[in-house]
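Analysis of the macromolecular model
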Amino acid sequence: MVRLSFCGQAYMEIEIRASGEITESQVLLNGTRTVAFEATSDDGVWLVSGVVSWNLGLIEYAGEGDLTLSREGAEVYATLVSAVADHEADDVDDTSDALLELTYEIDGGAGEFDGANGGCRGTVKIAASAIEGIWVLDIGPE
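Conventions adopted
- Residues numbered from 1 in each chain as written.
- Predicted model: local features only at pLDDT ≥ 70, side-chain atom pairs only at ≥ 80, totals over all residues.
- Heavy atoms only, no water.
- Salt bridge = Lys/Arg side-chain N within 4 Å of Asp/Glu carboxyl O.
- Buried < 20%, exposed > 50% of the residue type's maximum accessible area, 1.4 Å probe, protein only.
- Helix = DSSP H or I, 4+ residues; strand = E, 2+ residues; numbered from the N terminus.
- Contact = heavy atoms within 4.5 Å.

This structure, assessed with the given rule, holds three salt bridges. The shortest N-O distance in the salt bridge between Arg17 and Glu15 comes to 3.2 Å. Given the relative accessible area of 48%, Glu15 is considered partly exposed. A salt bridge links Arg121 to Asp138; the nearest nitrogen and oxygen atoms lie 2.8 Å apart. Within this pair, whereas Arg121 is found in strand S9 (residues 117-126), its partner Asp138 is found in strand S10 (residues 130-140), the two being separated by 17 residues in sequence.

Rendered as structure tokens:
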């Protein structure tokens with residue numbers, strides 16, 4: 001975690017590497033795929049859960065989704081702004097895999113993150129039943 005200051009206000013950048021499982025998956029006839037997931041950070045401190053959707057036929061898709069990051073009674077909430085799929089990536093094995101670049105808007109929190117705002121970006125690999133990724137939060141004060 002990096003703490004920054006701008007005009008006397010504290011800002012934080014937090015990087016979370018996590019892996020876990022797909023808890024629900026759905027593919028619609030229009031090519032939109034939606035997955036719900038739960039993951040735990042590599043250091044065991046963070047629980048990362050959410051829903052993300054993207055379109056299998058489109059490179060860039062303003063999908064729907066949300067993200068909750070929890071640790072020791074504190075939470076950060078974010079809403080998906082965009083999902084960019086890289087279907088040509090070397091580590092994407094078959095049609096059930098996807099490599100996504102995700103952008104979120106942080107829209108609140110609880111505990112030490114009460115009133116948090118800012119942004120979050122994620123690089124996430126989704127396989128048939130597993131997820132792994134890196135989420136980087138840029139959190140500012142209210």
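Secondary-structure assignment places Arg71 in strand S6 (residues 65-71). Since its relative accessible area comes to 15%, Arg71 is described here as buried. Every residue in contact with Arg71, bar those within four places of it in the chain, is listed here: Val45, Trp46, Glu112 and Phe113.

Read these as layout, nothing more, since geometry by itself doesn't imply function.
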